[in-house]
Amino acid sequence: MPAKEIIDLRSDTVTLPTEEMLDAIRHAELGDDVFGEDPTVNRLEKLAAERMGKEAALLVTSGTQANLISLMSNTKRGELVILEAESHMYWYEVGGISMIAGLLPWPVKSRLGALDPEDVEAAIRPQNIHFPKPALICIENTHNRHGGTIITPDQIRAISGVALAHGLKLYMDGARIFNAAVALKVDVKKFTKHVDNLMFCLSKSLCCPVGSLLVGTSEFIEKSRKFRKALGGGMRQAGIIAAPGIVALERMIDRLEEDHRNARHLAEGIAKIEGIQIDLSCVQTNIVCFDISGLGASDDLFLSTLKQKGILALTVAKNKVRMVTHKGVEKEHVEKSIAAIESISNELHLN
Ligand code: TLP
């Protein structure tokens, strides 16, 4: 937690690198990665590919860049991409899917983030002079806007059946895929087995200051390397980014269980507060979303009052607040947060 004991629950992106990561950065062996000569980047990419059970990996600057590159590598301009209607790629990536990749996004609604194979099938229209060619299906795991929900390996397999039947590729925005694997206590490869390629983030919940990895076949990664360069993402001594990434993959994954326990504790505490509505079945990993309409306060008033009490959160829709647990958020911070929300609820109900 930063000084002044602010409890920052806006995102798991706010974490600072651990001492071990800073040491790793200080001692990283470096080279020019555009020439493929940074040994630390090469080590991280090899490790990431092995962990995910794929042939190769590529270090990129951010989750958004990873998603954009994968769109470009998996498709041709003018094609159609089926994605979940609340997905990060559709909501939060500045429309790069159309602006830069030149694709038509085709959003499909889901329950808790898991696309129904029948809905995906229905979205794949027959070949017709009027329609763009469908090329790719994208899933998100865990699903951010649905509250950190897990798309299970069985659900992924079912979608991959539809993709295979129609000759489409299947991509996974796995920004928080290790949260899913830890929560279900299964090897992450169970989630990656049925997708053609994926990305995961080092900078979310794993405490790295920057970086994401794209993972897939060697051919996909070589294509992606070229797009990364075109997008200005060819970095030089990127080993300073890769070094904490190696620490993350070796040491930061098992502790995610703690974040999940804290999120559950937070959710259960919030559920008892008058004026708050929360669907506990959505709280599956480290994200807690709840509805404050019963409090009768505007989002701004709620967030600013919370801030005065030393707690930061975000709204993700009108009356919908999001809190995310991460390294540095301890049980006592969770309890303080529950107490703060309770006191806001009491103050509002007294007035
Ligand atoms: N998510 C951020 C914000 O952009 C909303 C957050 O605080 O949760 N995919 C998923 C599922 C994500 O949650 C995010 C970031 C990204 C991609 C993009 O990653 P970055 O921020 O590294 O570009």
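It should be noted that the structure appears before, not after, this text.
Residues numbered from 1 in each chain as written. Predicted model: local features only at pLDDT ≥ 70, side-chain atom pairs only at ≥ 80, totals over all residues. Heavy atoms only, no water.

### Comments concerning the packing of helix H3 (residues 63-74) against helix H10 (residues 218-230)
Between two packed helices, the angle of one axis relative to the other and the distance separating the axes together describe the packing. Definition in use: Angular values range over 0 to 180 degrees, each being the angle between N-to-C directions of two axes fitted as lines to C-alpha atoms, with helices fitted over their stretch in contact. Each helix is a run of DSSP H or I of at least 4 residues and each strand a run of E of at least 2, with the numbering of both proceeding from the N terminus. Crossings are sorted by hand: turned counterclockwise from the far helix by less than a right angle, the near helix makes the crossing left-handed, and turned clockwise it makes it right-handed. Contact definition: two residues touch when any of their heavy atoms are within 4.5 Å. The classification used treats Ala, Val, Leu, Ile, Met, Phe, Trp, Tyr, Cys and Pro as nonpolar, Asp, Glu, Lys and Arg as charged, and all other residues, Gly among them, as polar.
Where H3 contacts H10, the two axes come as close as 9 Å, and the packing angle between them is 120 degrees. Judged by the sense of rotation from one axis to the other, the crossing of H3 with H10 is right-handed. Residue-level inspection shows Gln65, Ile69, Ser70, Met72, Ser73 and Asn74 of H3 in contact with H10, the latter providing Phe220, Lys223, Ser224, Phe227 and Arg228. Taken together, the residues of the contact of H3 with H10 break down into four nonpolar, five polar and two charged.

### As for the packing of aromatic side chains
The geometry of an aromatic ring pair comes down to the distance between the two centres and the angle between the two planes. Note the cut-off: For this analysis, a ring pair means two rings from Phe, Tyr or Trp (six-membered ring only for Trp) whose centres lie within 6.5 Å, classed as stacked if their planes differ by under 30 degrees, edge-to-face if by over 60, and tilted for the remaining angles. Note on classification: 1.4 Å probe, protein chains only; a residue is buried when its accessible area is under 20% of the maximum for its type, exposed when over 50%, partly exposed between these limits. The criterion is that NZ of a Lys, or CZ of an Arg, lies within 6 Å of the ring centre and within 35 degrees of the ring normal, and then a charge sits over that ring.
Applying the stated rule across the entire model yields three aromatic pairs. A centroid spacing of 6.4 Å and a plane angle of 80 degrees characterise the contact between Phe290 and Phe302, whose relative ring orientation is edge-to-face. Placement of Phe290 in strand S9 (residues 287-291) and of Phe302 in helix H13 (residues 299-308) is noted, with a sequence separation of twelve residues between them. The pair formed by Phe290 and Phe302 is uniform in burial state, with each residue classed as buried. If you follow Arg125 out to its NZ or CZ, it ends over the ring of Phe131, 3.7 Å from the centre.

### Things to note about the pattern of salt bridges
How we decide: One side-chain nitrogen of Lys or Arg within 4 Å of one carboxyl oxygen of Asp or Glu is enough to make a salt bridge.
A complete count under the given rule lists 16 salt bridges for this structure. In this structure, Lys133 engages Glu79 in a salt bridge whose closest nitrogen and oxygen atoms are separated by 3.7 Å. Pair noted here: Lys133 is in the loop between helix H6 (117-123) and strand S5 (134-140) and Glu79 is in the loop between H3 and strand S3 (80-84), with a separation of 54 residues, a long-range link. Residue Lys133 is classed as partly exposed on the basis of its relative accessible area of 48%.

This is a description of form; function is not addressed.
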